[in-house]
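So you can see what is in the structure, the chains are spelled out below.
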Amino acid sequence: MNQAINPNRSPASSILVWLPFLTVTGITCYWSFHAPEPLPGFVRFALYSLAAASALSIRYAAGMTGSAGGGETGCVFTDRETLWMLYMFTVSGFLVRMLWLESVPSGCWLDEAHHGLDAVRMLESRDWPVFFPANTGREPIHIWMVAVSVEWLGRTITALRLPSVLAGTLLIPAVFFAAKHLAGRDAALIAAGFTAFARWHVTFSRISFRSILVPLVTALFTGVVAAHWKSRPRTCAVSAGLILGLGFYTAIPFRIFPVAALALLWLKRKEHAFAKTLQSWILVWMAASCIAAPLGVYFFHHPDMMTARIQTTSLLNDISLENIKTILINLMQLMESFHYRGDEILRHNLCAHPMTDPLTGTFLIIGLACINFRNGTGKFLPLWLIISLIPAAVSVTWTGPHALRSIGAISPLTILAGTGFLQILKTFPAKRTRRVLVMTVIGFVSVWNLVLYFGFYNRMVSSAGVADDAVWGFNTRETRLAQWINSRKDDLPEIWLSPQLYLHPTLQFLKDPDLVSNLIRTPGFERTDGDPCLCILDYNPRNIFWLRNSDLKRFFDFWIYHEAIDAEAIDNAIRTCYIERTGLIGTGDNLIHFSLTENFPGITPDRVAGFELWHIPGSGPGRTSRP
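Here the structure is a predicted model, which is why all the values come from computation and not from measurement.

Draft legend 1. Expanded view of the overall build of the protein chain. When helices and strands are tallied, the protein chain shows 25 helices and seven strands. For the protein chain, with 627 residues in total, the buried portion stands at 57%. When contacts within the protein chain are restricted to residue pairs at least 6 apart in sequence, long-range pairs at least 24 apart make up 79% of them. Just so you have it, the protein chain exposes about 26,200 Å², and 64% of that area is on carbon and sulfur atoms.

Draft legend 2. Geometry of the side chain of Lys511. You can see Lys511 is positioned in the loop between α23 (505–510) and β2 (518–521). Buried charge without a partner: Lys511 forms no salt bridge, and the closest opposite charge is Asp512, 6.9 Å away. Not counting the four nearest positions on each side in its chain, Lys511 is found in contact with Arg155, Ala482, Ile485, Asn486, Tyr502, Ser517 and Ile616.

Draft legend 3. Quick look at unusual backbone geometry. Here Val104 and Pro105 are connected by a cis peptide whose omega angle stands at 0 degrees. The topology assignment puts Pro105 in the loop between α3 (79–98) and α4 (110–125). The phi torsion at Trp100 lies on the positive side, around 55 degrees, for a residue other than glycine. Mapped onto the fold, Trp100 is located in the loop between α3 and α4. The exposure class of Trp100 is exposed, given its relative accessible area of 56%.

Draft legend 4. Examining the pairing of strand β3 (residues 533–537) more closely. Of all five residues in β3, five are buried, a share of seventy percent or more. Covered by surrounding structure in β3 are Cys533, Cys535 and Leu537 together with Leu534 and Ile536, the residues of both alternating faces. Strand direction decides the pairing type here: strand β1 (residues 494–497) and β3, joined by four bridges, are parallel. Considered in β3, the bridge of Ile495 is made with Leu534.

Draft legend 5. Quick peek at the nonpolar core. Ranked by size, the top nonpolar core spans 113 residues in total, and within it Phe89, Phe194, Trp200, Phe204, Phe221, Phe363 and Phe421 carry the most contacts. Val146, Trp484, Ile485 and Ile495 belong to the second largest nonpolar core, which has 31 residues in total.

Draft legend 6. Structural detail: the pattern of salt bridges. Inspection of every chain in the model, using the stated rule, returns nine salt bridges. A salt bridge links Arg138 to Asp118; its shortest N-O distance comes to 2.5 Å. Within this pair, whereas Arg138 is found in the loop between α4 and α5 (141–153), its partner Asp118 is found in helix α4, the two being separated by 20 residues in sequence. Across the pair, exposure class does not vary: Arg138 and Asp118 are buried alike. A salt bridge links Lys268 to Glu271; the shortest N-O distance between them is 3.2 Å. Exposure remark for Lys268: the relative accessible area of 7% places this residue in the buried category. Several salt bridges converge on common partners, so that one network encompasses Asp118, Arg121 and Arg138.

Draft legend 7. Molecular detail of the packing of α4 against α5. In the contact formed by α4 and α5, the axes pass within 8 Å of each other and the chain directions differ by 70 degrees. With respect to each other, α4 and α5 are oriented roughly perpendicular. Contacts from His115, Gly116, Asp118, Ala119, Val120, Met122 and Leu123 in α4 reach His142, Ile143, Trp144, Val146, Ala147, Val150 and Glu151 in α5. Per-class residue counts for the contact of α4 with α5 are nine nonpolar, three polar and two charged.

Draft legend 8. Examining the packing of aromatic side chains more closely. This model, assessed by the stated rule, comprises 18 aromatic pairs. When the centroid spacing of 6.1 Å and the interplanar angle of 35 degrees are considered together, the rings of Trp200 and Phe338 count as tilted. Here Phe338 lies in the loop between α15 (321–337) and α16 (358–369) and Trp200 lies in helix α8 (residues 199–205), a separation of 138 residues in the sequence. Ring geometry for Tyr453 and Phe454: centres 4.9 Å apart, planes at 85 degrees, overall edge-to-face. Residue classification places Tyr453 among the buried residues on the basis of a relative accessible area of 1%.

Draft legend 9. Layout of helix α6 (residues 157–183). Given a rise of 1.5 Å per residue, 27 residues ought to cover 39 Å, and the 38 Å separating the end C-alpha atoms of α6 matches this to within 8%. Where α6 bends most, at Ile172, the angle is about 30 degrees, and the proline Pro173 comes one to four residues later. With respect to burial, α6 is a largely interior element, 21 of its 27 residues being buried. Residue Gly184 follows α6 closely and has a positive phi angle near 105 degrees.

Draft legend 10. Up close: the confidence of the model for the protein chain. Looking at the protein chain, pLDDT values average 78 and 71% of them are 70 or higher. pLDDT under 50 marks residues 1–11. Its contacts with residues more than four places away, or in other chains, come to 22 contacts.

Draft legend 11. Representation of a nonpolar patch on the surface within the structure. Residues Trp84, Tyr87, Met88, Val91, Phe94, Leu95, Leu99, Trp100 and Leu166 make up a contiguous nonpolar surface patch of roughly 900 Å² in combined accessible area. Looking at the nonpolar patch, the element that brings in the most residues is α3, giving six residues. With respect to the helices, strands and loops of the structure, Trp84 is situated in helix α3.

Draft legend 12. Looking closely at α15. In a regular helix each residue adds 1.5 Å, so 17 residues correspond to 24 Å; α15 covers 24 Å between its end C-alpha atoms and thus fits that length. When α15 is considered as a whole, its buried residues turn out to be Asn323, Ile327, Asn330, Leu334, Glu336 and Ser337.

Draft legend 13. Focus on the packing of helix α9 (residues 213–228) against helix α10 (residues 233–247). Where α9 contacts α10, the two axes come as close as 9 Å, and the packing angle between them is 170 degrees. Taken together, the axes of α9 and α10 are roughly antiparallel relative to one another. Touching Val217, Leu220, Phe221, Val224, Val225 and His228 of α9 are Pro233, Cys236, Ser239, Ala240, Ile243, Leu244 and Gly247, all from α10. Class assignment for the residues of the contact of α9 with α10 results in 10 nonpolar, three polar and no charged.

Draft legend 14. Layout of the environment of Leu450. Turning to its location among the elements, Leu450 is positioned in helix α19 (residues 431–462). We classify Leu450 as partly exposed; its relative accessible area is 24%. For the pair formed by Leu450 and Arg199, sequence separation is 251 residues and the distance between their alpha carbons is 7.1 Å.

Draft legend 15. Local environment of the environment of Gly193. The topology assignment puts Gly193 in helix α7 (residues 185–197). With relative accessibility at 0%, the residue Gly193 sits in the buried group. Residues within four places of Gly193 in sequence aside, it is in contact with Phe89 and Ile442.

Each value, and the rule that gives it
Residues numbered from 1 in each chain as written. Predicted model: local features only at pLDDT ≥ 70, side-chain atom pairs only at ≥ 80, totals over all residues. Heavy atoms only, no water. Helix = DSSP H or I, 4+ residues; strand = E, 2+ residues; numbered from the N terminus. Buried < 20%, exposed > 50% of the residue type's maximum accessible area, 1.4 Å probe, protein only. Contact = heavy atoms within 4.5 Å. Areas by Shrake-Rupley, 256 points an atom, 1.4 Å probe, with all protein chains shown as cover. Lys, Arg positive; Asp, Glu negative; His and termini not counted. Salt bridge = Lys/Arg side-chain N within 4 Å of Asp/Glu carboxyl O. Pairing = 2+ DSSP bridges. Core = buried A, V, L, I, M, F, W, Y, C linked by side-chain atoms within 4.5 Å. Axes fitted to C-alpha atoms, helices over the stretch in contact; angles between N-to-C directions. Parallel < 35°, antiparallel > 145°, perpendicular 65-115°, else oblique. Nonpolar A, V, L, I, M, F, W, Y, C, P; charged D, E, K, R; others polar. Phe/Tyr/Trp six-rings, centres within 6.5 Å; stacked < 30°, edge-to-face > 60°. Expected span 1.5 Å × (residues − 1). Bend = angle between axes of the 7 residues up to and from the residue. pLDDT = per-residue confidence, 0-100. Patch = residues over 30% accessible without salt bridge, like charges linked within 9 Å, V, L, I, M, F, W, Y side chains within 5 Å.

Below, the structure written as structure tokens:
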């Protein structure tokens, strides 16, 4: 049992205990905003050593044997206050994930659009498959949710992302539920607050990726087993099995979680006699097997689809000493990504910024150092964290730690951070002081993460160049083009798009489906005199060369290069075409005029005989559809 806190300890002595912790937090804060390069190895080692020393001193000062898995010692909040604060965290978390969903992040990534196109096909055919083989295979639950959302809200970015918002919001009470029975009520409430504003989780709660369901399902399973395994073993076993089976329909990172599930069930084995424990274990796996059976049947008939994605990304495809070394390095980098250098993919993170804020990251170290390993559930938390990182550790990566594949680590991370902060609270005997500290810390965490996400991160995504936007960003330019086409559908000029641009999933999903489109090959173009005629090219420069040196160059009033796509540029070009017939190629906001009669040596019209363009015919008054 935890020892009672010394009521005679003065606040001054508690602050002295805090000094190593404050030093670690200060260094982390400074480095997060000012250091362009990763911390040197010796600095990182010194920082972690200081954090561990801080954790041990706080543990000693609190006069306890560890909080994770232990009992409560002088609860900070009453039951009523805890429920109200959990409600406020959940509502705040929903608003953080829902506000400005259509425009932040700006653009709609092609993987999001693929989910939308699959949802549209499902709604048209009324066929709900258990697996989607396209795009190296995808699990179905998230796409089913997107289909319901699209049916309700139409083909919009909000419809794509609403399921992620809901999954992200539900994780807040799910983390509280799991943490309450692993680390105590106060630690659970703090963990819920950290989850509500965690920038890592907020980022993926505002993107339509199916992996957002992984931390929710794992937290629910853990909470059910931790809460009811002893009191209602059969009901708990069936419920946990149903959740476990459902998890296989979420995303590939979940496939490693049954290892953590086995570990948790093993740690719970002493709560019942052997016969009852064995019976409960059998019920868990029977229920999980029943739910996962349709997916198993699909993989039995299509075994290649089970590992299609893994074959392209996993280091385990070739077991060698070099790959094992790489996996260990990846695991170390993933652990360090919480504190000093995170995912470098713009779509996942802010420019290699640490995946946690300075306070949560430091509390995580303290929580790990103060784990009570004599308690079964205390052992489970660090094990759960490490197992959740394995999908990213065994993956091939060119950009450092992969935040999406390790997303399952969010739940154990925030719970451990909650236990670490609770250790610090217990160095202060006054309950009022503890309450003020809780609200201050969670207030700092919320402001820090929201400023970074809605301020720095949003500006970086919006200002990304063409190459970064197309590979690491959100396909902002294709999104703007689709939105412009939809806004002008009642007065649409003749639009011709290069195939690479028209067939882009983002444009296909967001474009109004009532605008019928045709693929036109040269020769055979037709147009109505007097109608403005646009040719919009993607960022492939070959298209520019083809059109500038063929007979097609006289067909269009003007061209717009992919990089200049936005509503204002297109509208200005339409007005310009009535004054002089000219071509426009743009880079950024600067439009450069050039003569259509200009030629490049060595390129002749017969070399573009097979060039194709997609045509979106005007639908306003006097418009005529093209064959």
